[in-house]
Amino acid sequence: MSRSVSIGIINTTDMIAEVLLEQFADAAADWNATLALFDTDAQSGDTALFNGRPALVRPLDEIDFSLLDLAFVCGDFAQQQIDNAVAQSCKIIDLRRSAITGHAIVAGVNDDQIVKYDILRSPHPIAVCLAPIIDALSQLQPVDSYAVTAMMPASEAGNAGIKALAAQTAKL
């Protein structure tokens, strides 16, 4: 029997966390894993649905990274907290690009490097789409660098981005 893996999901109210919980629920029967949920705004007794049942969500200050093998960061999380997790032998997968450090991994392009790093970052969705194309083009003709411009909605930056756009609009 394989050893149990302890997985933490940080900032469970983020939309990415909700999707991640759905994906984990689909695979839960095949895994030998325990799941711990944490959120910035969690109060005593808060729950999130996992596999059709409520699961306890604890405040961020209750995280003991020494008890986690892997943590998915789904919302804002300070670099200091990420470094603290790594110092306690917990690998981090940053799905919100909170980490200043870390290595971007794209499936099919450089996923063979996952085991080398303690902090993995999910690249921006545009980079995830472009990486396989650029990888294929690079095999045909080596290129030193690429420049990509993407026009993104203010909502990409969450409530802060929407408020900033509203303030800029009000000044017009």
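Here we summarise the structure given alongside this text. (Residues numbered from 1 in each chain as written. Predicted model: local features only at pLDDT ≥ 70, side-chain atom pairs only at ≥ 80, totals over all residues. Heavy atoms only, no water.)

Picture the strands of a sheet paired through backbone hydrogen bonds; they go either parallel or antiparallel. Pairing in this open sheet of 8 strands is mixed, and the strands run β3-β4-β2-β1-β5-β6-β8-β7 from one edge to the other. Either end of the sheet is taken by a strand with one partner, and the two such strands are β3 (47-50) and β7 (103-104). Relative to strand β8 (residues 119-121), β7 runs parallel, the two being bridged by 2 bridges. Note that in β8 the partner of A104 across the bridge is R121. (Pairing = 2+ DSSP bridges. Helix = DSSP H or I, 4+ residues; strand = E, 2+ residues; numbered from the N terminus.)

Counting residues in each nonpolar core, the largest one holds 17 residues, and the members touching the most others are I9, L20, F24, L37, F72 and C74. When near neighbours in sequence (up to four residues on either side) are disregarded, L37 contacts I9, T12, L21, A48, A55, L56, V57 and R58. (Core = buried A, V, L, I, M, F, W, Y, C linked by side-chain atoms within 4.5 Å. Buried < 20%, exposed > 50% of the residue type's maximum accessible area, 1.4 Å probe, protein only. Contact = heavy atoms within 4.5 Å.)

With that settled, the discussion passes to the environment of N110. Looking at where N110 falls in the secondary structure, it is placed in the loop between β7 and β8. Note: C-alpha distance between N110 and Q80 (30 residues apart in sequence) is 26 Å. At a separation of 2.7 Å, a polar atom in the side chain of N110 contacts the main-chain amide nitrogen of V106. (Polar contact = N/O pair within 3.5 Å; in protein donor to acceptor, adjacent residues only side chain to side chain.)

Another point: the environment of F77. With respect to the secondary-structure elements, F77 resides in the loop between β5 (70-73) and α2 (79-87). Classification of F77 as buried rests on a relative accessible area of 6%. As a C-alpha pair, F77 and N11 span 66 residues in sequence and 8.4 Å in three-dimensional space.

Another aspect to go through is the pairing of strand β2 (residues 33-39). Every regular strand shows the same layout, with side chains that alternate between the two sheet faces. For strand β1 (residues 5-10) and β2, the ladder comprises 6 bridges, and the chain directions are parallel. Bridged to V5 within β2 is A33. Relative to strand β4 (residues 53-59), β2 runs parallel, the two being bridged by 3 bridges. Residue L37 lies in a different strand from β4, and its bridge partner there is V57.

What follows is about the packing of aromatic side chains. Scanning the model with the defined rule gives 2 aromatic pairs in all. For the pair F24 and F72, a centre-to-centre distance of 5.4 Å together with 70 degrees between the ring planes defines the contact as edge-to-face. A residue pair is termed long-range when its members are at least 10 positions apart, and F24 in helix α1 (residues 15-27) and F72 in strand β5 qualify at 48 residues. Note on F72: relative accessible area 11%, which makes it buried. Ring centres of F65 and F77 lie 6.4 Å apart, and the angle between their planes is 70 degrees; this geometry places the pair in the edge-to-face category. With a gap of 12 residues between them, F65 in the loop between β4 and β5 and F77 in the loop between β5 and α2 connect regions that are remote in the sequence. Here F65 falls in the buried class, since its relative accessible area comes to 4%. (Phe/Tyr/Trp six-rings, centres within 6.5 Å; stacked < 30°, edge-to-face > 60°.)

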